[in-house]
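Fold and contact review
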2 protein chains.
Amino acid sequence: MAARAIYTVLVCAAALLLALASPSAGLSLDTVREFLTREEDTIVFSLIERARYPLNRPAYDPIHLGDGDGAGPGRRLNASFAELFIRESEAVQSKAGRYQSLQEIPFFAYRVPFTLAPPFNFTRELYPAAAFVNLNDAIWSMYFNELLPVLANNGDDGNYAVTVDSDLACLQVLSRRINYGRYVAEVKFRGDQQTYTSLIKAKDRDALMKLLTSEAQEDVVKRRVEKKAIVFGQSITSDGPIETSVSNSSQANFKVDPSVVYKLYDQWVIPLTKQVEVEYLLHRLD
Amino acid sequence: MAARAIYTVLVCAAALLLALASPSAGLSLDTVREFLTREEDTIVFSLIERARYPLNRPAYDPIHLGDGDGAGPGRRLNASFAELFIRESEAVQSKAGRYQSLQEIPFFAYRVPFTLAPPFNFTRELYPAAAFVNLNDAIWSMYFNELLPVLANNGDDGNYAVTVDSDLACLQVLSRRINYGRYVAEVKFRGDQQTYTSLIKAKDRDALMKLLTSEAQEDVVKRRVEKKAIVFGQSITSDGPIETSVSNSSQANFKVDPSVVYKLYDQWVIPLTKQVEVEYLLHRLD
């Protein structure tokens, strides 16, 4: 995991060779908010899907899997089944050109040609020298150490491939959502260049963080994702009523505990996004 | 595509070498219904996610992609980007042991060792000589030719890898849901062996189909999936109301047209599932 950050920088740097020198003007506060709101649905769907499967702990234990004869890839590479599966899946997606779009950042790095697809000339909305910023290492660690244990029930049904495939879906959308802080920061910077420029030059992280924080807006987001977990995670019958609030319904009825989704945003998604925004801004004048 | 059916049979036959001679008794009408109902949520989620992206037609055109120099894999293999991507993704999942579970059937075939995971001793609930039955070719064709054109809006944003990754998610759950007809048929057979045995011996497809059909139950399912498309595909605000019926809401408000989901079940999912059931039963005494 330690080498991943360096590799990711290399991959992003390579992608940036394709980038236009000046960012496009297609980005606005409205389009950014719309994107982030839509990502909430994808995040809740992906959590609900992961929660279908039990924890399946052996998939995350480097000692356990791929090691039938003591010389399997798990022990040899000191990697878990989950890590090996995600590496191989990301490699296929890299060949297919997924990471040509700067919105997508792999957890591992691949220097493979796009043999499945020709290059596509994506609009480049980020400032090239700051676009490499990402928190994938923190997201990886948060997902497996903090979120997954409260998301999945204990148990082992052997369906490691489908389970880890659903982990990858969660990781990909969380990475895209949190690292989208680069786009948020770019829009905010363009909206008030003078203020941001002086704070960036002063390397004043605290003042930048304060400027980027709107507790009222964050509260709206947290209550909305909790509601999405309620609405999307309920059992629908062809005639029955539909749950609309947390208060009058038992958490046991939902496929994912709505308070877990609230906490995910409160403790990780929102703070990590703002951390991405600050790091991006600190490179915005490079 | 023509060779796929044969290969799939080979793969299923290989998987069956691991199977117990007699199916387990863990299956019941309740567990089967519960599984099918839960799959509806996954199907609706996957359709909503695919509908995020435009049609991205070049991804499905064998001539267009992977062919920058006229000798790319697309033209050489007469395969589209979508087919190449799905082949490579399924190969990784096969290495990871996904298809050890008879619930999962690949669209393409892989004779790769499970290098990422050791074999897992799954419960075998199907009758071995009939477990190979599947309609993946019909599902593939239905998905790309019938469903996708009404699911995605016209347009091309270049995000072919994420788009086709979301196609794969749709195909996998539709395949699992429809081919789950094998489990439905197994349960029904065990519930009335005498009647089914005489119809199977007489190879009376029409009478089997009639026996497997409950229009009232099918109507409940179709109305329920339409409602799920409404509930899961609406825009949720932190305070606003939640849509609960088709009549008082415009279809334009939903991420996937609920009538498309109704039609998917009416014209394809339910009829194809029953076709799987009949084919399975016709091999149930082999």
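The shown structure was predicted, so the numbers you read here are calculated from the model rather than taken from an experiment.

What follows concerns the overall build of chain A. Check the secondary structure of chain A and you find eleven helices and zero strands. Secondary structure elements of chain A occur, N-terminal to C-terminal, as α-α-α-α-α-α-α-α-α-α-α. Burial status across chain A gives 56% buried among its 286 residues. As displayed, chain A offers around 11900 Å² of accessible surface, 53% of which is attributable to carbon and sulfur atoms.

Let's shift gears to the relation of the copies chain B and chain A. The two chain copies are related to each other by a rotation about an axis together with a translation along it. Of the transformation placing chain B onto chain A, the axial shift is 0.0 Å and the rotation is 180 degrees, giving an RMSD of 0.0 Å. Each copy turns onto its partner about a two-fold axis. When each C-alpha of chain B is compared by its distance to the rotation axis, Phe232(B) comes out closest, at 2.7 Å. Of all interface residues in chain B, 100% are interface residues in chain A too; the two copies therefore contact each other through one and the same surface.

Let us now look at the packing of aromatic side chains. As enumerated under the stated definition, the model contains 22 aromatic pairs over all chains in all. With 5.7 Å between their ring centres and 50 degrees between their planes, Phe107(A) and Trp140(A) make a pair best called tilted. Taken together, the residues span a long stretch of sequence, with Phe107(A) in the loop between helix H4 (81-95) and helix H5 (136-151) and Trp140(A) in helix H5 at a distance of 33 residues. By the ring-pair criterion, three or more aromatic residues cluster together here, those being Tyr60(A), Phe107(A), Phe108(A), Trp140(A), Tyr143(A) and Phe144(A). Against the face of Phe35(B) rests Arg52(A), its NZ or CZ located 5.9 Å from the ring centre.

For the rest of this paragraph, the subject is the nonpolar core. Residues Leu264(A) and Leu264(B) are the most contacted members of the largest nonpolar core, which totals 115 residues. Residue contacts for Leu264(B): discarding those within four places in its chain leaves Ile43(B), Leu47(B), Met142(B), Leu147(B), Leu174(B) and Val269(B).

Between its first and last C-alpha, helix H6 (residues 160-179) of chain B extends 28 Å over 20 residues, near the 28 Å set by a 1.5 Å rise per residue. Taken across its 20 residues, H6(B) has 18 buried, putting it largely inside the fold.

Our next topic: the pattern of salt bridges. Within the structure shown, the criterion is met by 40 salt bridges over all chains. Note that Asp41(A) and Lys255(B) form a salt bridge whose closest N and O atoms lie 3.0 Å from each other. Taken together, the residues span two chains, with Asp41(A) in helix H2 (residues 29-50) and Lys255(B) in the loop between helix H10 (215-232) and helix H11 (258-282). With a closest N to O distance of 2.6 Å, Lys228(B) and Asp41(B) form a salt bridge.

What follows deals with the interface of chain B and chain A. The partner chain A presents 59 residues to the 59 residues of chain B that form the contact. Approximately 4900 Å² of surface area, both sides summed, lies buried where chain B meets chain A, with 61% of it carried by carbon and sulfur atoms. Our enumeration of links across chain B and chain A arrives at ten salt bridges. When the shortest N-O distance is used, the salt bridge between Asp165(B) and Arg98(A) registers 3.7 Å.

Let's shift gears to unusual backbone geometry. Positioned with a positive phi, Lys203(A) is a non-glycine residue whose angle comes to about 50 degrees. The phi dihedral of Asn56(B) falls on the positive side, at around 55 degrees, and the residue is not glycine. Tracing the sequence through the fold places Asn56(B) in the loop between helix H2 (29-50) and helix H3 (73-77).

Below, the discussion takes up the packing of H4(A) against helix H6 (residues 160-179) of chain A. All names here are of chain A. One way to put it is that H4 packs onto H6 with a least axis distance of 10 Å and a crossing angle of 65 degrees. Taken as a pair, H4 and H6 cross one another with a handedness that is right-handed. Here Phe81, Ala82, Phe85, Ile86, Ser89 and Gln93 of H4 come into contact with H6, specifically with Tyr160, Ala161, Val164, Asp165, Leu168, Leu171 and Gln172. Residue classes in the contact of H4 with H6 are distributed as nine nonpolar, three polar and one charged.

If you trace the backbone, Gln172(A) turns up in helix H6. Its relative accessible area of 9% is what places Gln172(A) among the buried residues. A distance of 3.4 Å separates the side chain of Gln172(A) from the side chain of Gln93(A), its partner in a polar contact. Setting aside its immediate chain neighbours within four residues, Gln172(A) contacts Gln93(A), Arg98(A), Tyr99(A), Phe107(A) and Asp165(B).

Residue and element names in this part refer to chain A. Put simply, helix H10 (residues 215-232) and helix H11 (residues 258-282) touch, their axes get as near as 8 Å, and they point 140 degrees apart. Relative to H11, H10 is oriented oblique. Handedness of the H10/H11 crossing: right-handed. Residues Glu218, Asp219, Val221, Lys222, Arg223, Val225, Glu226, Ala229 and Ile230 of H10 form the contact with H11, whose participating residues are Pro258, Ser259, Val261, Tyr262, Tyr265, Asp266, Ile270 and Lys274. Residues belonging to the contact of H10 with H11 are distributed by class as follows: nine nonpolar, one polar and seven charged.

Below, the discussion takes up the confidence of the model for chain A. Residue and element names in this part refer to chain A. Summarising the model, chain A shows a mean pLDDT of 86, and 82% of its residues fall at 70 or more. In this model residues 7-23 is a low-confidence stretch, pLDDT under 50, and it forms 31 contacts with partners more than four residues away in sequence or in other chains. Here residues 67-71 is a poorly scored stretch, pLDDT under 50, and it has four contacts once near neighbours within four places are set aside; other chains count. In the predicted complex, the global pTM is 0.89; the interface-specific ipTM is 0.88.

Turning to H2(B), a few remarks are in order. In this model H2(B) runs 32 Å from its N-terminal to its C-terminal C-alpha over 22 residues, within 8% of the 32 Å that 1.5 Å per residue would give. Within H2(B), 16 of the 22 residues are buried, leaving the element largely enclosed by the surrounding structure.

Within the secondary structure, Leu102(B) is located in the loop between helix H4 (81-95) and helix H5 (136-151). For Leu102(B) and Tyr180(B), which are 78 residues apart along the polypeptide, the C-alpha to C-alpha distance reads 9.5 Å.

To continue, consider the environment of Leu116(A). All names here are of chain A. Among the secondary structure elements, Leu116 is positioned in the loop between H4 and H5. You can call Leu116 buried: its relative accessible area is 3%. When the C-alpha positions of Leu116 and Arg87 are compared, they lie 18 Å apart, and in sequence the two are 29 residues distant.

About the cut-offs
Residues numbered from 1 in each chain as written. Chains lettered and ligands numbered in written order. Predicted model: local features only at pLDDT ≥ 70, side-chain atom pairs only at ≥ 80, totals over all residues. Heavy atoms only, no water. Helix = DSSP H or I, 4+ residues; strand = E, 2+ residues; numbered from the N terminus. Buried < 20%, exposed > 50% of the residue type's maximum accessible area, 1.4 Å probe, protein only. Areas by Shrake-Rupley, 256 points an atom, 1.4 Å probe, with all protein chains shown as cover. Least-squares fit on C-alpha atoms with pLDDT ≥ 70 in both. Contact = heavy atoms within 4.5 Å. Phe/Tyr/Trp six-rings, centres within 6.5 Å; stacked < 30°, edge-to-face > 60°. Lys NZ or Arg CZ within 6 Å of the ring centre and 35° of its normal. Core = buried A, V, L, I, M, F, W, Y, C linked by side-chain atoms within 4.5 Å. Expected span 1.5 Å × (residues − 1). Salt bridge = Lys/Arg side-chain N within 4 Å of Asp/Glu carboxyl O. Buried area = accessible area lost by both parts, 1.4 Å probe. Axes fitted to C-alpha atoms, helices over the stretch in contact; angles between N-to-C directions. Left-handed = near helix turned anticlockwise from the far one by under 90°. Nonpolar A, V, L, I, M, F, W, Y, C, P; charged D, E, K, R; others polar. Polar contact = N/O pair within 3.5 Å; in protein donor to acceptor, adjacent residues only side chain to side chain. Parallel < 35°, antiparallel > 145°, perpendicular 65-115°, else oblique. pLDDT = per-residue confidence, 0-100.

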